[in-house]
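# Fold and contact review
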Amino acid sequence: MRAWARTADHKDIAGAIFRLNLTIQNMQSSFDATVADIKATIANLEALLQERDASLTKARNQMRGLSKLVGNKSESRQPEPPASKSEAEKKAEE
């Protein structure tokens, strides 16, 4: 093989390596962006789960408190007897 042919082959190989490096860099950038998006999504989902857990805990505590009130006879209210009608109401009915 002649010297100029070897030089051309080296230039072709160097060009191919350069293009491959660009492709790898583009893929790395795309990969990094995808990983960042996934991390943001995970963080958002974790925050939503924490909010849901707090809401469930609050609801459980409220239900526990209500069940204690309903179950505790000293806390239950007795219905008030109807108030006797005043003289004006009795006359209005007649």
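Look up a bit, the structure's there.
The paragraphs below set out a description of the structure included in this document. Residue positions are given per chain, counted from 1 along the sequence in the order it is written. Reporting of local features is limited, given that this is a predicted model, to residues whose pLDDT is at least 70; pairs of side-chain atoms are given and counted only at 80 or more, and all residues count toward the totals for whole chains, interfaces and linings. Water and hydrogen atoms play no part in the side-chain values, which are based on all heavy atoms of the structure.

Looking only at helices and strands, the chain has two helices and zero strands in total. Three labels apply to residues, based on accessible area from a 1.4 Å probe with only protein chains included: buried if under 20% of the type maximum, exposed if over 50%, partly exposed otherwise in between. Per-residue burial for the chain yields a buried fraction of 1% across its 94 residues. Computed by Shrake-Rupley with a 1.4 Å probe, the accessible areas treat only the displayed protein chains as cover when residues are assessed. Surface exposure of the chain reaches about 9100 Å², of which carbon and sulfur atoms provide 59%. The helix and strand labels rest on DSSP assignments: H or I over at least four residues marks a helix, E over at least two residues marks a strand, and numbering proceeds from the N terminus.

Turning our eyes to something else, we now look at the pattern of salt bridges. Here, a salt bridge means any side-chain nitrogen of Lys or Arg that lies within 4 Å of a carboxyl oxygen of Asp or Glu. In this structure the tally under the stated criterion is one salt bridge. A salt bridge links R52 to D53, with the nearest nitrogen and oxygen atoms 3.0 Å apart. Given the relative accessible area of 46%, R52 is considered partly exposed.

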